[in-house]
Amino acid sequence: MATTACFIIVSRNDIPIYEAEVGSTVKREDAAHLHQFILHAAQDIVQDLAWTTSAMFLKAIDRFNDLVVSVYVTAGHTRFMLLHDSRNDDGIKSFFQEVHELYIKTLLNPLYLPGSRITSSHFDTKVRALARKYL
């Protein structure tokens, strides 16, 4: 598992709908804010790349010190962004694909309003389990 990993889902309207610190490192007080800042700073790069390629998995699009931002863009332009320090591209791609399946199941829930925050504890538990498995 990566020692540092922060996962965020951003809707097509640039609103974060899910966030999770999924790393195994000791948490510093300002680490969460730094991770959010890095991920939000990479949004412009993602928007530019999403329109120039047909690939859903955009691999490493940005770097900050030893941290890397990897992105997966769905067909509906929802962005799954992962800030990590590992070099396991296959594991990261598998993580994104399985989280995409979970996200689709959440969208199919008639009680979920698309674009709103995902507050399901089941979704959170599954994402964290997938992070332990693949990252």
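Cut-offs applied
- Residues numbered from 1 in each chain as written.
- Predicted model: local features only at pLDDT ≥ 70, side-chain atom pairs only at ≥ 80, totals over all residues.
- Heavy atoms only, no water.
- Patch = residues over 30% accessible without salt bridge, like charges linked within 9 Å, V, L, I, M, F, W, Y side chains within 5 Å.
- Areas by Shrake-Rupley, 256 points an atom, 1.4 Å probe, with all protein chains shown as cover.
- Salt bridge = Lys/Arg side-chain N within 4 Å of Asp/Glu carboxyl O.
- Helix = DSSP H or I, 4+ residues; strand = E, 2+ residues; numbered from the N terminus.
- Phe/Tyr/Trp six-rings, centres within 6.5 Å; stacked < 30°, edge-to-face > 60°.
- Buried < 20%, exposed > 50% of the residue type's maximum accessible area, 1.4 Å probe, protein only.

Looking at an unreviewed UniProt entry, the protein chain carries the name Transport protein particle 20 kDa subunit, with the source organism given as Punica granatum.

Enquirer: Would you take a moment to explain a nonpolar patch on the surface for this structure?
Expert: A cluster of nonpolar side chains, contributed by L34, F37 and F64, occupies part of the molecular surface with about 290 Å² of accessible area. Along the polypeptide, L34 turns up in helix 1 (residues 31-41).

Enquirer: Before we go on, may I ask you to explain the packing of aromatic side chains in this structure?
Expert: The description of two aromatic rings rests on the distance between their centres and on the angle between their planes. Per the stated rule, a full pass over the model turns up ten aromatic pairs. Ring geometry for F57 against F96: centres 5.8 Å apart, planes inclined by 55°, an arrangement best described as tilted. On the criterion of sequence distance, the pair formed by F57 in strand 3 (residues 57-64) and F96 in helix 3 (residues 89-107) is long-range, its members being 39 residues apart. We classify F57 as buried; its relative accessible area is 12%. F96 gets classed as buried once you look at its relative accessible area, which sits at 0%.

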